[in-house]
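So the chains spell out like this:
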Amino acid sequence: MNLNATFISGRTVNQGCNLENKTSQAYFDAAAYCEMNSKDASSLGVEPGNNVKVTTDHGSVVVPMAICDGNPDGLVFIPMGPWANAVVDPDTKGCGMPGFKGISAVVEPTDEKAPTMPELMARLK
Amino acid sequence: MIIKDVLCPFCGCLCDDLAVEVENNKVVDVKHACKIGASKIMGHDRIKAPMMRDDKNGEFREVSYDEAINESAKILANSKRPLLYGWASGLCEMMAKGILLNEEVGGIIDNTASVCHGPSVLGVHEKGLPTGTLGQFANRADLVVFWGCNPVQAHPRHMSRYSVFNKGFFASKGRRSRKVVVFDVRKTDTAEMADEYVQVNPGEDYIVMSALRAIIADKADVVPDSVGGVPKEKLVELGEAMKGAKYGMVYFGMGLTQSRGKYKNIDNAVSLITELNAHGKHSILPMRGHYNVTGFGQVCAWETGFANAVDMSRGIPYYNPGETCSNDLLMREEIDSAMIIAGDAGAHFPAQSIARMSKVPVIQVDPFHNPTTEMANIVIPTKVSGVELEGTAYRMDSVSLRMRKLVDVDFPSDEEVLDKIIAKVREIKGASS
Ligand code: SF4
C-alpha cells in the first residue's frame, strides 16, 4: 500500500538545536524522520520508528516515520536538512528559490535503512 | 562570572536579555535563552584545524592556515565564475569583506536568503514593505496573524517577547489583549496556541489572500463559497476582524516564500496590508531565520545597490534572481568554484544542486563540520560570531545591534581570513595582469 502525498519541509526546535552539530546522532534524530497523521500511518501499516521511503520526481529518501496529527490527510513533513533535500525540487521557476514545499510524493513502507548524513552526501559526489 | 544583557546569535529575534555564566573562559550556563539559543551558545564539537584534500572522497589532511588561505585564494583568483555563498551566521563586518572579495574575483555573492526570504525581497521590490520595529508591534498590536510560519519551533521566544504573551503599552493584558490567528497548511504548535487556526490547502495561500482583499474592499459578493480550502463565512469573519483591529500585524515565513506563488505570495500579502491600512493601522514583517541574515541584505544593499545574488563578473553589480541565485547557477552548471562561508549549502540546498557543487572545488569557512564539509576540498575553521567575537548584526526588523564576545579563542575570525584571501588574490591577479 502506498500513500500519495504532498510533501513539505520546515524548521523545528530540535533541528535548530543541532544546526551546528550535524555529525551527531542528535541531528539525525532531529532531521531524519517523516511526519504524517495517524490515519495515513495506519493506511500504510507503519508504526512510529518504522522506515518509510519518500519518492518524488526529484529523488527518494528513506527515513523513520513519526506521527503528527496536526497534519491533514496526505500531508507529509520532513524537517529541513539533507534528508528533506533529497526529494525537493531544485527548479526555482525563475525566482531563485527552489521548491521546498508542496511537492507531490509517494510514501511506502520499506525495510531499507535510513542513510546517515555522510552516506547521504556521499551519494551526491 | 555572569555576563548580562548578552545577545543571542541564533535566530532573527536577536534576544538581548540573556545571562551567560563563564568560568575559566568556558561557557557553563545560559539563562533566559530558548533551547536553541542555549544550545548554540553552549557550543558543539568544532573543526580543530584547517584541512585540505584533492579528492572529495579522500581523507582530509591537516594544513596550516597560510596554506589553506593561499590555496583558497588561488582557486578563487583563477576561477571564471566563483560563487561566494552563506554569510548569514557572520557579522556585518565580515560581510563587507566578502563583498569586497567578490568584487576582486568577479564572482557572484549570494546569501542564505536565497533559500529562505529571497522571494520576500522580490515581493518588496514589487510592492514595498509597510513595516515597523518589533518594539512598536509589541506595544501596539491587538491582532496578530502568523501566516506560513511557526515561531514555537523556529523563533521560540518571539511570542513571549514581541508578539503574543508580552504586555505592551496598548496591550496591558498581554495575551488577552490580542487576537491571534494562524494560517497554515497543517496544525502547528503555533496554531495550537492561536484563537483561530485557518487551514489552507498547500499552495493556495495566494487565493486566500485575494479573497480576504476582496472582502475587505466590500466585494464579498465575488468570493466563491470556499477558497483554498477555507469556507467563505470564515473568510468574511476574518476580514471583519482584520478591519476592526486597531493595530494589525502579519508575520510570515517560509510557508509563503517556499510554496507555490513564492514571491507573488509576498506581493499579495503586502497588498492585503495596504488594503487594511484604509481602515486601521497594519504592518507586516518576514520572520527572518539566521540571526544576521537581515544584516547581509543591509550591507550588500549599501555596498552594491542590491540585497543578494549580486554578480560582479562584468565589473559592475548585476542582480537578477532566477539567474544569479545560487541554485540557478548550480543547476545551470555555471560555477567553477564555490566558497561556502557562515552558511551550510550542503545541508540546505536541494540534493541535485549539491551534486553539481560536488564537481567544482569547494572552500568552506566555518567553525563546524557539516554537510558542506563532506563536499569541501579546503576547510578553514573560524571563530563563532556573537560568542567568540563581537560585532554588528541586524534583527529581523532591521534594527542593528552590537553582538558581544563571551570567551576568547585562538581561531581567526572570518574577517581575518577574508582579509588574507583578498590580499593574496590581489597578489595573484596583480602578477598576472
Ligand atoms: S528566540 Fe531566537 S534569538 Fe531568542 S533565544 Fe531563542 S534562538 Fe536565540
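Quick caveat: nothing in here was measured; it's all calculated off a predicted structure. (Residues numbered from 1 in each chain as written. Chains lettered and ligands numbered in written order. Predicted model: local features only at pLDDT ≥ 70, side-chain atom pairs only at ≥ 80, totals over all residues. Heavy atoms only, no water.)

*Asks:* If you had to explain unusual backbone geometry to someone new, which residues and values would you point to?
*Replies:* All names here are of chain B. One non-glycine residue, Glu-333, lies in positive phi territory at about 50 degrees. Turning to its location among the elements, Glu-333 is positioned in the loop between helix 14 (326–331) and strand 17 (337–341). Of note, Ala-342 is a non-glycine position whose phi angle comes to about 55 degrees, a positive value. On the secondary structure map, Ala-342 appears in the loop between strand 17 and helix 15 (345–348). Exposure remark for Ala-342: the relative accessible area of 7% places this residue in the buried category. (Helix = DSSP H or I, 4+ residues; strand = E, 2+ residues; numbered from the N terminus. Buried < 20%, exposed > 50% of the residue type's maximum accessible area, 1.4 Å probe, protein only.)

*Asks:* How would you explain the side chain of A:Asn51 if you had to name every residue and give the values?
*Replies:* Considering the arrangement of structural elements, one finds A:Asn51 in strand 3 (residues 51–56). In terms of polar contacts, A:Asn51 uses its side chain to reach the backbone carbonyl oxygen of A:Glu112, at 2.8 Å. (Polar contact = N/O pair within 3.5 Å; in protein donor to acceptor, adjacent residues only side chain to side chain.)

*Asks:* Help me get a handle on the interface of chain B and chain A, residues and values and all.
*Replies:* Contact residues are listed per partner, giving 56 residues for chain B and 47 residues for chain A. Interface area, chain B with chain A, both sides summed: about 4,300 Å², of which 63% is carbon and sulfur. It is B:Arg186, B:Gln258 and B:His348 in chain B that bury the most area against chain A; as a group they hold 15% of the surface buried on that side. One can count three salt bridges joining chain B with chain A. (Contact = heavy atoms within 4.5 Å. Buried area = accessible area lost by both parts, 1.4 Å probe. Salt bridge = Lys/Arg side-chain N within 4 Å of Asp/Glu carboxyl O.)

*Asks:* Mind laying out the side chain of B:Arg157, listing which residues take part and the relevant values?
*Replies:* Tracing the backbone shows B:Arg157 in the loop between helix 6 (151–154) and helix 7 (158–163). When residues no more than four places from it in sequence are discounted, the contact partners of B:Arg157 are B:Cys15, B:Asp17, B:Leu18, B:His32, B:Ala33, B:Cys34 and B:Tyr162.

*Asks:* Break down the domain arrangement of chain B for me, citing the residues and quoting the values.
*Replies:* Residue and element names in this part refer to chain B. As assigned here, chain B comprises domain 1 (45–116 + 291–432) and domain 2 (119–286). Distance between the C-alpha centres of domain 1 and domain 2: 34 Å. Carbon and sulfur atoms make up 64% of the area that domain 1 and domain 2 hide from each other, which totals about 930 Å². On the domain 1 side of the interface with domain 2, the three residues burying the most area are Cys-116, Met-396 and Asp-397, jointly 55% of the side's total. Linking domain 1 to domain 2 there are four residue pairs in polar contact (both at pLDDT 80 or more). Looking at the side of domain 1 that touches domain 2 residue by residue, the class counts come to eight nonpolar, no polar and two charged. (Domains from an automatic or database assignment. Nonpolar A, V, L, I, M, F, W, Y, C, P; charged D, E, K, R; others polar.)

*Asks:* Could you give an account of the sheet that holds strand 13 (residues 247–252) of chain B, naming the residues involved and the relevant values?
*Replies:* All names here are of chain B. Pairing in this open sheet of five strands is parallel, and the strands run 10-9-8-13-14 from one edge to the other. The sheet is open, and its two borders are formed by strand 10 (196–199) and strand 14 (281–286), each paired with just one other strand. Averaged over all pairs of adjacent strands, the angle between their axes in this sheet comes to 15 degrees, without regard to strand direction. Where strand 8 (residues 143–147) and strand 9 (residues 179–184) come together, five bridges link them in parallel fashion. Along strand 9, the bridge assignment pairs Val-144 with Val-180. (Pairing = 2+ DSSP bridges. Axes fitted to C-alpha atoms, helices over the stretch in contact; angles between N-to-C directions.)

*Asks:* An account of the packing of helix 9 (residues 205–216) of chain B against helix 10 (residues 232–244) of chain B is requested, with residue identities and associated values reported.
*Replies:* Residues and elements named next belong to chain B. Where helix 9 contacts helix 10, the two axes come as close as 9 Å, and the packing angle between them is 60 degrees. Helix-helix and strand crossings are classified by hand; for helix 9 and helix 10 the assignment is right-handed. Where helix 9 approaches helix 10, its residues Val-208, Ala-211, Leu-212, Ile-215 and Ile-216 are matched on the opposing element by Leu-235, Val-236, Leu-238, Gly-239, Met-242 and Lys-243. Grouping the amino acids of the contact of helix 9 with helix 10 by side-chain chemistry returns nine nonpolar, one polar and one charged. (Left-handed = near helix turned anticlockwise from the far one by under 90°.)

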